[in-house]
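# Residue-level structural notes
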Amino acid sequence: MKKLLFLLAMMLTMSASYAQKQNVKFEIGSSVSMTTYCNYPALSLFPDESESYTNWGEVLHVGIRSGHTMYGLQYQMSVFNMSDIAMSELVHQHSAALMMREYGHIGERLEPFFGLKLGLSVLQNDFYYSRDPYTRYRMGMYGEIELGMQYRLSESAFFGMRAGLVHMAYNFDNDYDLPGGLRHNKRNMLGGYNLMIYYGFNF
């Protein structure tokens, strides 16, 4: 038993030493984003003639950074009010994605970066019809290409700005039931861009 504990302690010591040499750090960040979907996005359950929708959202990411590269997970949530006031349709978009960022350096504190994200999207549509509340869920894919710049306040803290230049989602299908013979939205694509201000730290 003592030999096993000694061996485990040695392995943990070697792992910690290796992580320090490789400059491996955990990362966590929180963001506020402004997301715009354009080109008649498929947010609504019903036929919609609105060209675009824009609103604030919240983002949380966690990851592991080794040198110039960070791999992690991101969760993002945005809420949109649809144009048909009579239906009072409210859309919550939730997305969870794997992410990768590649950082550069400008001086000691500025870090420009390029990133990719790919994951799943869930649209939750709440609406009223004949005074009765309804909720429908639609699954889809989510992806993004981003560019950004962050400033290191210290070895462990940073803040930055980034832009999702290609912010895409695709609903897998539109085969959902609607009450009273209401018509479906035949579109499945959501495309646009977002801007984000974030703060985070490494440890």
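To be clear, the structure that these remarks concern was listed above.
Because the structure is a prediction, the values reported are computed rather than measured.

### Notes on the pairing of strand E3 (residues 69–81)
- In this sheet, E3 lies alongside strand E2 (residues 53–66) in antiparallel orientation, the contact comprising 10 bridges. In the strand pairing of E3, Arg 65 is matched with Met 70.
- With antiparallel pairing between neighbouring strands as the criterion, E2 and E3 make up a hairpin whose turn holds two residues, including Gly 67 at a positive phi of roughly 65°.
- In the sheet, E3 pairs with strand E4 (residues 90–103) via 13 bridges, with the strands oriented antiparallel. Its bridge partner being in E4, Met 77 is matched across the sheet by His 94.

### As for the nonpolar core
- Residues Tyr 37, Ala 42, Leu 43, Tyr 53, Phe 80, Met 82, Val 91, Leu 123, Ala 169 and Leu 190 constitute the largest nonpolar core, which totals 10 residues.
- For Val 91, the contacting residues outside a window of four places in its chain are Leu 43, Ser 78, Val 79, Phe 80, Met 82, Leu 123, Gln 124 and Asn 125.

### A word on the environment of Asp 173
- Within the fold, Asp 173 resides in the loop between strand E7 (157–171) and strand E8 (189–202).
- Assessed through its relative accessible area of 43%, Asp 173 is described here as partly exposed.
- The sequence separation of Asp 173 and Lys 186 amounts to 13 residues, and the corresponding C-alpha distance is 9.1 Å.
- Excluding anything up to four places from it in sequence, Asp 173 contacts Arg 138 and Asn 188.

### Points about the sheet that holds E7
- An order of E1-E2-E3-E4-E5-E6-E7-E8 is seen for the eight strands of this closed barrel, with the pairing classed as antiparallel. Strand-to-strand twist of the sheet, defined as the mean angle between neighbouring strand axes without regard to direction, takes the value 25°.

### So, the packing of aromatic side chains
- Tallied over the entire structure, the rule returns nine aromatic pairs.
- When the centroid spacing of 5.8 Å and the interplanar angle of 55° are considered together, the rings of Tyr 37 and Phe 80 count as tilted. Residue Tyr 37 is found in strand E1 (residues 24–38), and its partner Phe 80 is found in strand E3; the two are separated by 43 residues along the sequence. Accessibility classification places Tyr 37 together with Phe 80 in one group, the buried group.

### Re the side chain of Glu 27
- Position of Glu 27 among the secondary structure elements: in strand E1.
- Here Glu 27 is buried and forms no salt bridge, its nearest opposite-charge partner Arg 101 lying at an N-O distance of 4.5 Å.
- A distance of 3.1 Å separates polar atoms of two side chains, one belonging to Glu 27 and the other to Asn 202.
- Ignoring sequence-local partners within four residues, the contact set of Glu 27 consists of His 61, Val 62, Gly 63, Arg 65, Met 70, Arg 101, Tyr 103, Phe 158, Phe 201 and Asn 202.

### Some details on the side chain of Asn 194
- Mapped onto the secondary structure, Asn 194 falls in strand E8.
- Engagement of the side chain of Asn 194 in a polar contact is seen with the side chain of Arg 162, the distance being 2.5 Å.
- A distance of 3.1 Å separates the side chain of Asn 194 from the side chain of His 167, its partner in a polar contact.

### Thoughts on the pairing of E7
- The sheet contact formed by strand E6 (residues 132–152) and E7 spans 13 bridges and is antiparallel. Paired with Tyr 151 across the strands is Phe 159, a residue of E7.
- Hairpin connection, E6 to E7: the antiparallel pair is bridged by four residues.
- The sheet contact formed by E7 and E8 spans 12 bridges and is antiparallel. Bridging across to E8, Phe 158 finds its partner in Gly 200.

What counts as what
- Per chain, residue numbering runs from 1 following the sequence as it is written.
- Given that this is a predicted model, residues contribute local features only at a pLDDT of at least 70 and side-chain atom pairs are listed and counted only at 80 or more, while totals for whole chains, interfaces and linings are drawn from all residues.
- The side-chain figures draw on all heavy atoms in the structure; neither hydrogens nor water molecules are used.
- Strands pair, by our definition, only if DSSP identifies at least two bridges between them.
- Numbering goes from the N terminus for both helices and strands, where a helix is a DSSP run of H or I of at least four residues and a strand is a run of E of at least two.
- Among buried residues, the Ala, Val, Leu, Ile, Met, Phe, Trp, Tyr and Cys ones that are joined through side-chain atoms within 4.5 Å form a nonpolar core.
- Type-normalised accessible area, obtained with a 1.4 Å probe on protein chains alone, sets the label of each residue: buried when under 20%, exposed when over 50%, and partly exposed for intermediate values.
- Contacts were defined at the residue level, with two residues in contact if any of their heavy atoms lie within 4.5 Å.
- Helix axes are fitted only over the stretch in contact, all axes being lines through C-alpha atoms; the angle between N-to-C directions runs from 0 to 180 degrees.
- Any Phe, Tyr or Trp ring, taking Trp's six-membered ring, that has another such ring centre within 6.5 Å forms a pair; planes under 30 degrees apart are called stacked, those over 60 apart edge-to-face, and the others tilted.
- Under the convention used here, Asp and Glu are negative, Lys and Arg are positive, and both His and the chain ends fall outside the count.
- What counts as a salt bridge is simple: a side-chain nitrogen of Lys or Arg found within 4 Å of a carboxyl oxygen of Asp or Glu.
- Pairs of N or O atoms within 3.5 Å make up the polar contacts considered here, provided that, within protein, one atom can donate a hydrogen while the other can accept it, and that residues adjacent in sequence are counted only when both atoms are side-chain atoms.

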